[in-house]
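# A look at the structure
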Amino acid sequence: MAVRASSSERLEPLRHIDAGLLDVAYYEAGPADGPAAVLLHGFPYDIHSYVDVAPMLAEKGCRVIVPYLRGYGPTRFLDPSTPRSGEQAAIGADLIALIDALSIERAVFAGYDWGGRAACVGAALWPERCIGLVSVNGYLIQDIANAMLPAQVEREVAYWYQYYFQIERGRAGLAANRREIAKILWRQWSPNWQFDDAAFARTAAAFDNPDFVDIAIHSYRHRYGLAAGDPRYADIQRRLAALPPITVPAITLDGDADGVAPATDGAAQAARFVGSRRHRVIHRAGHNLPQEEPEAFAAAVLELIG
């Protein structure tokens, strides 16, 4: 195993760009004319999920873009009146707005959790902009119409935080205890990941964004059909409701120690990928797979770039 970045190492300096509704804070590495890869983080994490992946890709000649999602870190809304939506259509649209602002014609879209969902949305609806998709836990576009169908009981237990966020007590709890909740989720979702206090603190600072709570709560309410979406994304959400297939080349990854989304052989989602698709199970990896097993994640991105 290669030497990993220390817990004090940061993806710096950050850059900023006006991208649609957002002033996006992002880290960039690698040659400006290299094949682009956009690396997207999840909840409750930040860009440091890619603290090892980003330099691995840059060393191989990739132009690496690692943005803070809406509601995280220094990323900010340009207009205070913009609804603080966390719906899947919004984060997918943010991805396309970012590469438009950066004048990137095509890129690998790669991510996990919320970031994997944004990558799937981008790949499904804007395939002409996507070289290929890397998605942890496979096809992540939400089937909101069927969101109230219960899962197996063991799966439901892992979703406690999603149910907590449906009530105002949960909103207040996230506002007051965002770090404590995040640390519990990190431990539950990644039982083999021995992160230290410094690594957690480095990421937890991103949760101090003034929109973090509103966006997280909206995301988890909208996915169950319990909160209205931002009307500006109604057409995108209508297209997503049809569960569009992924037509671009894709590599899907599961961690065999993922505490929220247990690993599978990928067969159940096969019909959602109508282009070439390879599925891999990564030993000992939990939910934050790029930070836990960066070599496997970086290898998948490089394989799509060819």
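This structure is a prediction, so every number in the text was calculated from the model and none was measured.

We now examine the environment of G71. By the secondary structure assignment, G71 is in the loop between β4 (63–67) and β5 (76–77). According to the relative accessible area criterion, G71 is buried, its value standing at 2%. As a C-alpha pair, G71 and P245 span 174 residues in sequence and 28 Å in three-dimensional space. Once you skip the residues sitting within four places of it in the chain, G71 turns out to touch A206, N209, D211, F212 and I215.

Next up on the list: helix α7 (residues 197–204). For α7, the set of buried residues is A199, F200, R202, T203 and A204. Looking at the buried side of α7, the elements it contacts are α6 (168–189) and α10 (289–292).

Okay, the packing of aromatic side chains next. Under the counting rule described, the total for this entry stands at 28 aromatic pairs. Where F43 meets F165, the ring centres are 6.2 Å apart and the plane angle is 85 degrees; that geometry is what we call edge-to-face. Of this pair, F43 sits in the loop between β3 (36–40) and α1 (53–59) while F165 sits in the loop between α5 (160–164) and α6, placing them 122 residues apart in sequence. Ring centres of W186 and F195 lie 4.9 Å apart, and the angle between their planes is 80 degrees; on these two criteria the pair is classed as edge-to-face. Classification of W186 by relative accessible area gives buried; the value is 0%. The ring of Y139 carries R272 above its face, with NZ or CZ at 5.6 Å from the centroid.

Once that is clear, we can look at empty space enclosed by the protein. Here the structure, examined in full by the defined rule, presents one cavity of 30 Å³ or more. Computed from the structure, the largest cavity encloses a volume of approximately 100 Å³. For the largest cavity, the full set of lining residues is L22, V24, L40, P67, Y68, L69, R70, I91, D94, L95, L98 and A118. Elements with a minimum of two residues in the lining of the largest cavity: β2 (22–29) and α2 (88–101). Tallied by class, the residues present in the lining of the largest cavity amount to ten nonpolar, no polar and two charged.

Before going further, it helps to spend a moment on the environment of P83. Take P83: it is sitting in the loop between β5 and α2. On the basis of relative accessibility, which here comes to 36%, the residue P83 falls in the partly exposed class. Remark: the alpha-carbon pair of P83 and H218, spanning 135 residues in sequence, is separated by 9.9 Å. Once you skip the residues sitting within four places of it in the chain, P83 turns out to touch R70, F77, D230 and R232.

The subject of this paragraph is the layout of surface pockets. By volume, the largest pocket is sized at about 1,400 Å³. Forming the boundary of the largest pocket are 40 residues, of which R117, Y139, L140, R155 and Y159 lie nearest the centre. Listing elements by their share of the lining of the largest pocket, those giving two or more residues are α3 (114–125), α4 (153–158), α5 and β9 (277–282). No other element matches the three residues that α5 contributes to the lining of the largest pocket.

Another aspect to go through is the nonpolar core. In terms of nonpolar packing, the biggest core is built from 106 residues, with L39, F43, I246 and F297 touching the most fellow members. Contact partners of L39, with chain neighbours within four places excluded, come to Y50, V53, A54, L57, V64, I65, V66, P67, A110 and F297.

Right, let's get into the pattern of salt bridges. This model, assessed by the stated rule, comprises 16 salt bridges. One salt bridge in this structure joins R221 and E168, with 2.9 Å as the shortest N-O distance. Residue R221 is found in helix α8 (residues 212–222), and its partner E168 is found in helix α6; the two are separated by 53 residues along the sequence. Owing to a relative accessible area of 12%, R221 belongs among the buried residues under this scheme. Here R171 and D214 are joined by a salt bridge, their closest N and O atoms 2.9 Å apart. Note that R171 is positioned in helix α6 and D214 in helix α8, a separation of 43 residues in sequence. Connected through shared salt-bridge partners, E168, R171, D214 and R221 make up one network.

What counts, and where the lines are drawn
Residues numbered from 1 in each chain as written. Predicted model: local features only at pLDDT ≥ 70, side-chain atom pairs only at ≥ 80, totals over all residues. Heavy atoms only, no water. Helix = DSSP H or I, 4+ residues; strand = E, 2+ residues; numbered from the N terminus. Buried < 20%, exposed > 50% of the residue type's maximum accessible area, 1.4 Å probe, protein only. Contact = heavy atoms within 4.5 Å. Phe/Tyr/Trp six-rings, centres within 6.5 Å; stacked < 30°, edge-to-face > 60°. Lys NZ or Arg CZ within 6 Å of the ring centre and 35° of its normal. 1 Å grid on protein atoms, 1.4 Å probe; cavity = no way out; pocket = protein on both sides within 12 Å on 5 of 7 lines; lining within 4 Å. Points joined across faces, edges and corners; volume = space filled by probe spheres on them. Nonpolar A, V, L, I, M, F, W, Y, C, P; charged D, E, K, R; others polar. Core = buried A, V, L, I, M, F, W, Y, C linked by side-chain atoms within 4.5 Å. Salt bridge = Lys/Arg side-chain N within 4 Å of Asp/Glu carboxyl O.

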